[in-house]
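If you want the building blocks of each chain, they are given just below.
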Amino acid sequence: MAMQDSLSERYEPGVIEPAVQQYWEDGRVFKADEDPDREKFYCLCMFPYPSGRLHMGHVRNYTIGDVIARYQRMQGRNVLQPMGWDAFGLPAENAAIENNVPPAEWTRSNIAYMRGQLKRLGFAYDWDRELATCDPAYYRWEQWFFTRLYEKGLVYRATAVVNWDPVDQTVLANEQVIDGCGWRSGAPVERREIPQWFPRITASADELLEELDRMDEWPEAVRTMQRNWIGRSEGLSIRFALNDGPAGLDELEVFTTRPDTLLGATYMAVAPEHPLALAAAADDPAVAAFIEECRHQSTSEAVIEKLEKRGMALPVTVRHPLTGDALPVWVANFVLMSYGTGAVMSVPAHDQRDWEFARKYDLPIVPVIATSDGTAPDVSAGAFTERGATINSGRFDGLDFTAAFDAIASALEADGRAERRVQYRLRDWLVSRQRYWVCPIPVVYDADGNVQPERDERLPVALPEDIAWEGVASPLRSMPAFTETTLPDGSAGRRETDTFDTFFESSWYFARFCCADNPDAMFDARVDYWMPVDIYIGGIEHAVLHLLYARFFHKAMRDAGLVSSDEPFKRLLTQGMVCKETYFRETGGGRKQYFNPADVDVETDDKGRVIAARAHLDGQPVTIGPVEKMSKSKNNGVDPQALIDRYGADTVRLYTMFAAPPDQSLEWSDSAVEGAFRFLKSLWRLVHEHVTAGPAPALAALTLDADQKALRRHIHETIVKVSDDVSRRYKFNTAIAAVMELVNHLSRTPAANDAGRAVRQEGLDTVVLLLAPIVPHVGHVLWRALGHREDLAGAPWPVADEAALVRDAIELVVQVNGRKRAVVSVPADADKAACEQAAMADDNVARFTAGKAVRKVIVVPGKLVNIVVQE
C-alpha cells in the first residue's frame, strides 16, 4: 500500500501500521552500512530466547532500545540496531520430548512467529544482520575460537564437583539450583565428580575487576554485583601439619583473610570430597554415609549458608603452627571443595558458620578479637565478626587488624608455614553441559583418552538435527554417526558428546552482528567500526553471569587480535520488570489456581483501583493477589499481540514508555493503555483539523500576539526538556508528559489567523518529531500530512530557537511573611525596585500589608518577592 499525503478523518492503526512497515521494508530504511565519515551508534538489546511468543517484558525492553536508536538516527548518527535469537537451550528439548517435534523444527518455527511479532511492533532493526545461535554458520566460529583458547592454555578439562540434575540429566550452575532442586525439573540435585571443560576466566580476574572502576556509564548496582562475584581478597595461605594423616598427606592447607584470628582456631573443617574425608570414608561406613548424603546437596554458597551445619569428626588432627596444639579435623557440609583448598580454619568466636557448627558439636569457642571498648566480646548468642585489637593471642596481643595480619604472616613466613596471597571468589567458568540442543564442544579423543581439538577444515562440528528421543538423555551419546570420527593420522577418534553452556553463545553475539554475513572469518574490519556497543539494554538478572562472561569473552577476543576495544558495552541500561495484579483461588494443600487477567471481570473504585474480581468461567469471586512480575507461574501476563490487534503497535509503545522510567518496574494498567490510545486519536484529530484547513503560511514574516508568543515559547521549551529527557536522562515518561502538555496547549489556543495557523504548524511539526522515536507509524503518516516530503525516519531532531525562549515578561510569586499571596507579571529585565513596586501594588498583597510596617523586602530574581511585615 503506497503512503498517501492526504489524511483520513479517523485514526485506524490496523490500516496505517502495516502500510508504514511495508514502506520501511521496501526502502530498506534501517539497513546499516559502515561509513567512516559519520559518527556511529550501536544500540543493542539482549536478544530473546525463541520461546514462541513475545511477552510484555520483551515489548518493553525492545521498545526502549528502539526509541533510543531512532532518536540517535535523528541526531545524524549512523545507527546499527540488529536482532537475533538465543536459540539453543533446554526448553526446546523439553518441548521436543513433550510434543515429539525435533528441537530444530520447534525453534525455527518459534523464530518465524516472533520475528513477525517484532516487525508488527515497528522496531527499526537491520534484519539483514539477523542471526540465530543454532545456525552452524554462527556456532562454527565459537568452535573455532574455542580451539584457539585451548591451544593458548585458556581452556582446560578437569574433574570437578558439580550439581547434577538426575531428571534433566545435566550439570547445573549454582544459580540454577533452587532450594536444592533443579530449576526446571524440580528434582533434588546431586553432587557428582565429572570431567568438565573450563575457560580460565580467573586469568582475567584482575582486569575484569579493575575495569569496573572506569565503567561509569554502568549502573553502580551492577558494578557492585560484579565486584562481589569476582571477590578479590588478600589473605594468607597457611599449612597445618597433620598428625597421623593418611599415606601421602602430611599437611592441610587453608586460605584465610583473617590471620589476626589464628589463635582463635579451635578445629579444622574439610569438604566431603576432600582427600582426608575420602580416606576416612574408606574405613568408616558412617563417614561414607555422611559423604553420600552430602552428594545430594547443592554446591551453591547461598543454599549452603541456610543449611543446618552438620559434620563428623575424622580420625586425624593438625598441629597449630603457632602453639603446637592439636586441633581436631571435621568433615562438614558447609565447606565446598570448589572454593579455596576445600578446607577452612574454623574460628567459631569470629565466624558465624563456624560458631553454629561449634555450638552444635560442643567445640571450644575462644574470642581473640576485642570489642571497641577493649573487652572480650560476648559470643554466647553468636559470633563477633567485627575487626578490633587482638586478645588471648600471646605475643600478638593488642595489635589492630593490619598490624596483627602483618605480624602473624611474617612469623609464619619465617617458619615456612605460610605465604601471603591474593585470592578470588570467582572460579573458572564451567561450560560443559550434557544436553543435546546446544553447540557441540569441538574436541576429539584418541584411543587413550587424549584430547585433540578439531581441525579448522572440519568445522563446524555440526549438531545432527534429525534425531529421535529415547528418555531424556542426550541422543548424541548413542549416535555413532556423530561420535565416531578419525584423527589426522587416520586412527579412530571419538567426539566429545558434552555441549556448551548456552551462555557461551551469548557471550560474543554482539560482535558477530557487525559482520554476520562473513562466511570466511569470525570477524572482519567492520567489528572495529561498530564496537563497542554504545548502549546495551536488558534485565538486571543478567548483571553477573551473562555480562561477566561477555566481558571475559571480549577480552579474550581482543588478546587474540580479533577486536580492538577493551570492553564490549560502553553504557548499560537495566530495565525494570512489568508487573500486574494476580488473581487466584485456594485449591487446598496450600496450592493456588491462578487466573489470567483476561479471564477475570474486575470492579474498580473511582480511582481505577481493582476492588473485586470474578472469573469469566463461572462468575464466582476470585482473590485479588499482590501486584507481581508478569510470569507464567502467576498466569498474570498480558498478551501483547491482543493489545496490538486492538489498539495498534504505537499505543503499546507509547504506554510502555509513559507508564514508568525504563529502570523502574512498570505496574500495568488497562485504563492507562486506553488513555494512550485516546491521546493518539486526539493528536490525529488535531492534525486532521489543521491540514484540512489548508497549508499554513510561513512564520518568519508574521507578527504574533501575546498568546501566540506564549505558545511558541512553550513549543521550544518542550524541545529543550524532551531533548534532555531522551538524550541524557532516558526519562521517556516525563518527555511524553511534556509533549502531552504541549498538545493540550495547542488544542486550546485558537488558530483563527495566519499567525495562529503558522504557530500551530510549528507546534504540530515539533510534536510529531519529538514523538517520532516512540510512535513512528502515526508519526510517519502525520509528518507527510503536514506537508513534509522527507521521511520522518531520516528527519533531524528539532532544535530550540533561542529567540523564542526569551520572555518579554516573567511571573513572580509574591509572599507576605513567607505565605503566597499573589503572582505578578513584570518585564523580564525588571530590576529589584520594579519587582518590589509591582508586588506592593497587587491588590491582594496590599490587603495583607495594609497598616503594617514593612521591615524588609527580599527579591529572588526571576522567582519571588517576599515582603516581611511587622505582625
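Caption draft 1: Region of interest: the overall build of the protein. Tallying secondary structure elements over the protein gives 27 helices and 36 strands in all. Taken over the C-alpha atoms alone, the protein extends approximately 105 × 80 × 65 Å along its principal axes. Burial statistics for the protein: of 871 residues in total, 53% are counted as buried. Taken as a whole, the protein presents about 37700 Å² of accessible surface, with 49% of it coming from carbon and sulfur. In the protein, the 95 positive side-chain charges and the 126 negative ones have mean positions that sit 5 Å from each other.

Caption draft 2: Fine view of the nonpolar core. Residues Y42, I68, F510, F523, M557 and W668 are the most contacted members of the largest nonpolar core, which totals 182 residues. If you look at the next biggest cluster of nonpolar residues, it comprises 43 residues, including L276, V368, V379 and A411.

Caption draft 3: Local environment of the pairing of strand 9 (residues 190–199). Among the 10 residues in strand 9, 7 count as buried, and that is most of the element. By the bridge criterion, 10 bridges tie strand 5 (residues 155–165) to strand 9 in an arrangement that is antiparallel. Within strand 9, the residue paired with V162 across the bridge is R192.

Caption draft 4: Structural detail: unusual backbone geometry. The omega angle of the peptide bond from L459 to P460 is 0 degrees, so this bond is cis rather than trans. With respect to the element layout, P460 can be found in the loop between strand 19 (451–453) and helix 13 (480–483). Each neighbour pair has its own omega, and for M531 with P532 the value is 0 degrees, a cis peptide bond. Located in the positive-phi region is D244, a residue other than glycine, with phi close to 60 degrees.

Caption draft 5: Representation of the sheet that holds strand 1 (residues 40–45) in the model. What the 4 strands build is an open sheet, ordered 2-1-23-24; its pairing is parallel. Of all the strands in the sheet, the pair left with one neighbour each is strand 2 (78–80) and strand 24 (572–575). Between one strand and the next, the sheet's axes are offset by a mean angle of 20 degrees, whatever the strand orientation. Relative to strand 23 (residues 535–539), strand 1 runs parallel, the two sharing 3 bridges. Directly across from C43, in strand 23, lies its bridge partner I535. Along the sheet face, helix 2 (residues 56–74) touches strand 1, strand 2, strand 23 and strand 24 and points at about 175 degrees away from the line of strand 1.

Caption draft 6: Focus on the sheet that holds strand 36 (residues 864–869). The strand order 34-33-36-35 describes an open sheet built from 4 strands, whose pairing is mixed. Either end of the sheet is taken by a strand with one partner, and the two such strands are strand 34 (819–827) and strand 35 (854–860). Along the sheet, successive strands turn relative to each other by an average axial angle of 20 degrees, direction set aside. Both strand 33 (residues 809–816) and strand 34 contribute to a ladder of 8 bridges, which runs antiparallel. Of the residues in strand 34, the one forming a bridge with E811 is S825. Packing against the sheet, helix 26 (residues 832–841) makes contact with strand 33, strand 34, strand 35 and strand 36, and its axis sits at approximately 120 degrees to strand 35.

Caption draft 7: Main features of the packing of aromatic side chains. Scanning the entire structure with this criterion turns up 41 aromatic pairs. Geometrically, the ring pair formed by F145 and F553 is tilted, given 5.3 Å between the ring centres and 40 degrees between the ring planes. Residue F145 is found in helix 5 (residues 136–151), and its partner F553 is found in helix 17 (residues 545–559); the two are separated by 408 residues along the sequence. Since its relative accessible area comes to 1%, F145 is described here as buried. Look at F553 and you get buried, because its relative accessible area is 1%. Relative to F357, the ring of F334 lies with its centre 5.5 Å away and its plane at 65 degrees, an arrangement referred to as edge-to-face. Taken together, the residues F334 in the loop between strand 14 (326–332) and strand 15 (343–346) and F357 in helix 11 (residues 352–361) connect sequence positions 23 residues apart.

Caption draft 8: Structural context of the packing of helix 18 (residues 640–647) against helix 20 (residues 670–692). At a minimum axis distance of 11 Å, the contact between helix 18 and helix 20 shows a crossing angle of 35 degrees. Where helix 18 crosses over helix 20, the handedness of that crossing is right-handed. Across from L643, R646 and Y647 in helix 18, the residues of helix 20 making contact are V673, E674 and F677. Looking at the contact of helix 18 with helix 20, its residues break down into 4 nonpolar, no polar and 2 charged.

Caption draft 9: Region of the structure containing the side chain of R435. As for its position among the elements, R435 is in the loop between strand 17 (432–433) and strand 18 (443–445). From its side chain, R435 meets the backbone oxygen of D168 in a polar contact 2.2 Å long. Excluding residues that lie within four positions of it along the chain, R435 makes contacts with L90, E93, D168, Q169, T170, W469, V472, A473, S474 and T499.

Caption draft 10: Up close: the pattern of salt bridges. Taken as a whole and judged by the stated rule, the model has 62 salt bridges. Between K40 and D534 there is a salt bridge whose closest N-O contact spans 2.7 Å. Of this pair, K40 sits in strand 1 while D534 sits in the loop between helix 16 (526–530) and strand 23; the two residues are 494 residues apart in sequence, bridging distant segments of the chain. Overall, D534 belongs to the buried group, its relative accessible area being 13%. As a salt-bridge pair, R223 and E220 come within 2.7 Å of each other at their nearest N and O atoms. Highlighted residues: R223 and E220, both in helix 7 (residues 220–230), separated by 3 residues, approximately one helical turn. Classification of R223 by relative accessible area gives buried; the value is 10%. The class for E220 is partly exposed, based on a relative accessible area of 40%.

The rules we used
Residues numbered from 1 in each chain as written. Predicted model: local features only at pLDDT ≥ 70, side-chain atom pairs only at ≥ 80, totals over all residues. Heavy atoms only, no water. Helix = DSSP H or I, 4+ residues; strand = E, 2+ residues; numbered from the N terminus. Buried < 20%, exposed > 50% of the residue type's maximum accessible area, 1.4 Å probe, protein only. Areas by Shrake-Rupley, 256 points an atom, 1.4 Å probe, with all protein chains shown as cover. Lys, Arg positive; Asp, Glu negative; His and termini not counted. Charge placed at Lys NZ, Arg CZ, Asp CG, Glu CD. Core = buried A, V, L, I, M, F, W, Y, C linked by side-chain atoms within 4.5 Å. Pairing = 2+ DSSP bridges. Axes fitted to C-alpha atoms, helices over the stretch in contact; angles between N-to-C directions. Contact = heavy atoms within 4.5 Å. Phe/Tyr/Trp six-rings, centres within 6.5 Å; stacked < 30°, edge-to-face > 60°. Left-handed = near helix turned anticlockwise from the far one by under 90°. Nonpolar A, V, L, I, M, F, W, Y, C, P; charged D, E, K, R; others polar. Polar contact = N/O pair within 3.5 Å; in protein donor to acceptor, adjacent residues only side chain to side chain. Salt bridge = Lys/Arg side-chain N within 4 Å of Asp/Glu carboxyl O.

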